[in-house]
Structure formats: C-alpha cells, structure tokens
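Each chain, letter by letter, is given below.
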Amino acid sequence: MSFRKKYGLLASSAAIALLLAACGGDTSTDDGSEDTGDGEGTEDEVDGGEEDSGLDFSSDVKNEGEAVEGGTLRIAMVAESAFPGIFSTEFYGINTDSQLMGPMYGDVLRSDGNYQWTDGAASFDFDQDENVATLKLQEGVLWHDGEEVTVDDIVFTHEIIGHPDYDGVRYGDSFQNIEGMPEFKAGEADSISGMRVIDDYTLEIQYVEPMGPSVLQAGGGVWSYAAPRHHYGDVPVSEMESSPQIRENPIGFGPYKVANIVPGESVEYEAFEDYFEGKPKIDKIIMERIPSSGIVEALKSGEFDVTLGMPANLYDSFKEGIPGYETLGAPGQSYDYISFKLGEFDGEKNIYNPDAKMADLNLRKAMAYALDIDSVGEEFYSGLRYRATSHIVPNFEDYFNPDVEGYPFDPDKAEELLDEAGYKDVDGDGFREDPDGEKLTINYAARAGSDSAEPIALYFIQAWKNIGLDVQLLEGRLHEVNAFYDRVQADDPEIDVHEGGWGVGSDPTPDGLFGETAAFNFSRFVSDENNELINNMLSQEAFDNDFKAEQFNDWQEYFMYEAAPLIPTFWRTELQLVNNRVSAWSHPDIPGVDPQVYGYHAVELLADQPMTE
C-alpha cells in the first residue's frame, strides 16, 4: 500500500527531530524513480511543534481525467550552469546528469520505503554465511539498440570502475572488498575473480571481508548498475568519459531512449516500446535547462509540466501558487556544508596533512560558530533551508542523533576558541595572525548559482571578519559549478575552505563521503577513530541494529566536535511543481514509490497542453 504524506515546513531547528516520524528518501535520488504503493492509504503530517510556519506540502499528486494519446512531457531542469552531459553512472559527477539519465538508464535494482534493495530488472540476495551477493536478471530486458541485458554488463561496469586507468570517483572500499578487485586494479589480472558469472542472468559477487548490513541498503555495498559492453566496443577506459558512446549516443534499458542532445541545454527522449515493464504511455519527453531567473514566468506561461527542483530563494514568488500547478515538497536527502582543506587525494586514498593551514580544530569550530545559519535560512530561503545539526540527515530515523546540536550562532564562543588557539591580532590591523604571529589569509571558494549565492558568500566572509579572520573570496568571484568541483576534487592549493552540497543517497553509512579511500572526502581528513567507527558500521556486528545505531551516534558526535573537517550548514525542504495535466507524480526524495503508478513509463497526460488555470 502506498501512502500520501504531507510535510509541514519546520521553522525552528529545535523542531527537526519531529521529521523523524515521517521522512523518507540522488539522485536523489540519484538512483532514479522509486515508489511503493497503490495510491490509497493514510496521510501523515509533520507539524513544526511550537514554531510551525503553517506551510504544508504534499509529497505526491494524482490528477483525474481522460488521458490523451501520446504527447510530450516537458520537464524543466532549474540550473544556472550548462549540464556536463555525462550519461554514465561510472563517470557522472553532479546531480543534473543523474536527472538526465532518469528516463533512459534503467534500474537493475530499486529500493523500498526503508531504503533497502528491492527488485528492478533483477532480484537481489545476500548469503551472510558465504559473504556472497547474488543478482538474478529477468530474461528479455533489452538495451535501446535491441541487444539483451546480461550480467556480463554488470561485470563490465565493475571492470570500468576497477580499471587501472579509471580516474572517476566511484572506486572505494566496497569495490576493493570484491575478491580479485585489487589485483585487477593493479593491472595484475585480466578479470575480477570474485565476479562469478553463473549464466547470462545470474551473477555472484564474492566479498573478502565480511559484509555488514550496508550490503542490503540501496547505495550501500553493491554497485547496482549495468554498462552495455557491446556499445562501448574497444573504447579505452581512459577515453570513455569523453566518448560519443557517453556524450552523444548513450543507451540504457529504461522506458525512454535518447533521441537528441543539445549539449548543456536539453535532451529529447522518445518512448522505448520494448521497455521490460511495458510500453510508455507518452511519446516523448523533453528535459530543458532553464535558469532560475526565468522559471516562474515560464510556468505561468505553461511552458513546462514538471520542474526538477525549484530554488528555495524563489519561494516568495510562487508561495501563493501558480495556476495549473501543485507544489510538492519533501525533506531532502541532501545537505549543504562548509569544508576545510586538510590534505590531498593520491589517487587511491586520502592523505591527511596535520600541518595544513586549516588543521587547527579550534579554528574550524570558530568559523562554524561565527555563522548565523538560522537567520540566513529565513532571510534567503523563506525557511525552506534550515540549520543542519548532523552529517546524517534526519530521514534516516534509526541512525540520526538528535542530541547533537551542531554549531548554533555564538560569535563570543568563536572568539574564545580563537584566543585559546593562539590566533590573535598582533599588529593591530583588525585581523588575527596565526599562532606563530604570521599573517593569516584564508581563501574561500563558492559556487555561482542562484541570485542568493553571492550575498550569502559575502555574509559568510563578513561573519568571519567579525571574529577577526581575514577570509577572501577566491579570486574575488564565485565560480561556475562544474569548474568549481573540478578544482575542489583536484585539491587546488589556492582553496583553503569551500562551500558545497551533496546528496547522501540511500545508505546512511558515511564511508563513501568520509572514508579513507573516498574520492568525495574533499576535506581529505583521515583518522584512526574515524576509520574504526565507520568500519564498525560496516561490520557484521552491525546486523544488530542497536549496535549499529550506537556506532552512528558515536560517529556523529566525534565527527562534529572532535574532528570537524567540514560543518553541515543547511538541511533542505526540496520543492518541485507539477502541472495538473500530469496523471501522477511523486517527489523524488520519497522512497519506495510504485513504478507502475509514478514511473516514467506509467505517467500519462490529461490534456494536449499544460494547464494554466
């Protein structure tokens, strides 16, 4: 049974714990459209306790009416920057490319309402005694060029990521734990011995170290994607990311196939009649990038059916509603952060530098206490973004620690910490020198994005100056998002501190973001205690949920206060608008939705054009 939820906007960070009772989870998903239910059921509501703003959002919508035949679904991707257009789960780096793959890529596995694996094109089983995962593909699942999907395509995606020439960000501990993967990565073996093909439809994956409960979690230990080996042909791994097979003529086994790409701007898809779950009801989908400055007027004109995201800073311009549209909202599987550069990535693991400019813990904590995140959320985001208190989002209710309060605004505490650490204004210029009496200038990198990006960056810099820190905006400007992340990932030595944001996926275990081998560990922080706590979360002992929850609680306290390599700033209420001519749509941050109701192939149009009244 599915259910329809309503989420009240929480105006106070003290009320965040109330999210626990009703939250659920890319993309993101980054993993595609997910749903469980039949459309009938209960309605849950979260209120804001003593400070409820009175803003309520439904998480899904169903519209009544007679469907028209075929038609074109127009989707707006609200983004300031052109999308990279990397149609590959192995190589893509930002959420817009994941969204573009949504209609076309196809789901080997999906997740249920508890973020655990459920069937997609394949089923999943894990033998805890043998430490073996088994994937069984359905027969007759076809790639868009008519070739059948086999488990060799699942093997191939592992071979890409494990290849010595692979320079993407997906290779981490879970890959290293596959039998034979280290030898393959080192170029000492031609195949991965632990990837055992039983037949065209059955694959066993043998792990070396005992796998913990994350192996059952969507986005956890199992890489649940396929790559069409026949489509790539003989393209070397080092050339794949820029190849026509990925950039110009990508294929998947999803309900729609790519018909045309205008690089960075739009993608047109046409129905794939041989989709394994049934022929799509709509003939075409067009996803088009539109900057935030133009989205509200475009909706009022009926140019789009659905928005993928909706900037919170625009909320005042559509909070009374746009005729013909319903606003959906849900607590996001994502958060924003401030990260401090503490080392570098050597291609295989993160190397912590205890002598880095930002290595002093008190300096980092002081910069956190200096920021009035609550006021920024209200001023620039109408409360749709609110102060984060943990690196585990509240949606993971079993593992979120409500006792961790994060860093509330306390400039006096910030100055006290700096004084204790020896950061003092020696020469009387109003800025603190470092503990050795040397001039301290901190370079801060921020992304260009919505209209609020620059004033927020300038506020942060002023807040830090108010406690005596000379923080300069990197090169005096904001940076285009793709170039920004290229520099962050490459450990640009000019960057000392950067802001950012990421989706946390469907597995709360933080090894993929903060583990020693995680390429996404942009701070490059490493410690024995961090490794131990993460390893405990991944251990077989963590099949005991009480033990696992204890490790998560301990890690959140440790990572927030004793490590603090990055500071969470905002949690988000994510919004999107859906036109009334769309038969059914579910917010992408809600897990386990029924694909036969909300999946791209099941959606229908109830009018020839988007409704504007």
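Everything below is about the structure shown above.
The following refers to the structure shown. Because the structure is predicted, anything quoted here is derived from the model rather than measured. (Residues numbered from 1 in each chain as written. Predicted model: local features only at pLDDT ≥ 70, side-chain atom pairs only at ≥ 80, totals over all residues. Heavy atoms only, no water.)

## As for the pairing of strand 14 (residues 284–290)
Here is step 1: Burial runs high along strand 14: five of the seven residues are buried.
Here is step 2: The sheet contact formed by strand 5 (residues 72–78) and strand 14 spans seven bridges and is parallel. When the bridges of strand 14 are listed, Ile 75 appears paired with Met 287.
Here is step 3: Both strand 13 (residues 266–271) and strand 14 contribute to a ladder of five bridges, which runs antiparallel. Paired with Ser 266 across the strands is Glu 288, a residue of strand 14. (Buried < 20%, exposed > 50% of the residue type's maximum accessible area, 1.4 Å probe, protein only. Helix = DSSP H or I, 4+ residues; strand = E, 2+ residues; numbered from the N terminus. Pairing = 2+ DSSP bridges.)

## Let's talk about the sheet that holds strand 9 (residues 132–137)
The strands that make up a sheet pair up through hydrogen bonds in the backbone, lying either parallel or antiparallel.
Here is step 1: Pairing in this open sheet of four strands is antiparallel, and the strands run 8-9-11-10 from one edge to the other. The open sheet terminates on both sides in strands that have one partner only, identified here as strand 8 (122–127) and strand 10 (195–199). Sheet twist, expressed as the average angle between the axes of neighbouring strands with direction ignored, equals 20°.
Here is step 2: Relative to strand 11 (residues 202–206), strand 9 runs antiparallel, the two sharing five bridges. Looking across to strand 11, one finds that Lys 136 is bridged to Thr 202. (Axes fitted to C-alpha atoms, helices over the stretch in contact; angles between N-to-C directions.)

## Looking at a negative patch on the surface
Here is step 1: Side chains of Asp 403, Asp 528, Glu 529, Glu 532, Glu 541, Asp 544, Asp 546, Glu 550, Asp 554, Glu 557 and Glu 562 sit close together on the surface and give a patch of like negative charge.
Here is step 2: Among the secondary structure elements, those contributing two or more residues to the negative patch are helix 15 (528–538) and helix 16 (545–563).
Here is step 3: Of the residues forming the negative patch, the biggest block, five residues, is contributed by helix 16.
Here is step 4: Considering the arrangement of structural elements, one finds Glu 562 in helix 16. (Patch = residues over 30% accessible without salt bridge, like charges linked within 9 Å, V, L, I, M, F, W, Y side chains within 5 Å. Areas by Shrake-Rupley, 256 points an atom, 1.4 Å probe, with all protein chains shown as cover. Salt bridge = Lys/Arg side-chain N within 4 Å of Asp/Glu carboxyl O. Lys, Arg positive; Asp, Glu negative; His and termini not counted. Charge placed at Lys NZ, Arg CZ, Asp CG, Glu CD.)

## Looking at the nonpolar core
What tends to happen in soluble globular proteins is that the nonpolar side chains get buried as a cluster.
Here is step 1: Of all hydrophobic cores here, the largest spans 96 residues; its most connected members are Ile 295, Phe 318, Met 367, Tyr 444, Trp 464 and Leu 469.
Here is step 2: Excluding its chain neighbours within four sequence positions, the residues that come into contact with Met 367 are Phe 340, Met 358, Ile 442, Trp 464, Leu 469, Val 471 and Val 497.
Here is step 3: One finds Ile 86, Val 215, Phe 272 and Ile 282 within the second-largest nonpolar core, a separate group that totals 80 residues. (Core = buried A, V, L, I, M, F, W, Y, C linked by side-chain atoms within 4.5 Å. Contact = heavy atoms within 4.5 Å.)

## Structural notes on the environment of Arg 247
Here is step 1: Relative to the helices and strands, Arg 247 is located in helix 7 (residues 244–247).
Here is step 2: Overall, Arg 247 belongs to the partly exposed group, its relative accessible area being 29%.
Here is step 3: In contact with Arg 247, not counting residues within four places along its chain, are Pro 84, Gly 85, Ile 86, Phe 87, Glu 241, Ser 242 and Ile 261.
Here is step 4: Side-chain polar atoms of Arg 247 contact the backbone oxygen of Pro 84, separated by 3.0 Å.
Here is step 5: Separated by 2.9 Å, the side chain of Arg 247 and the backbone oxygen of Glu 241 make a polar contact. (Polar contact = N/O pair within 3.5 Å; in protein donor to acceptor, adjacent residues only side chain to side chain.)

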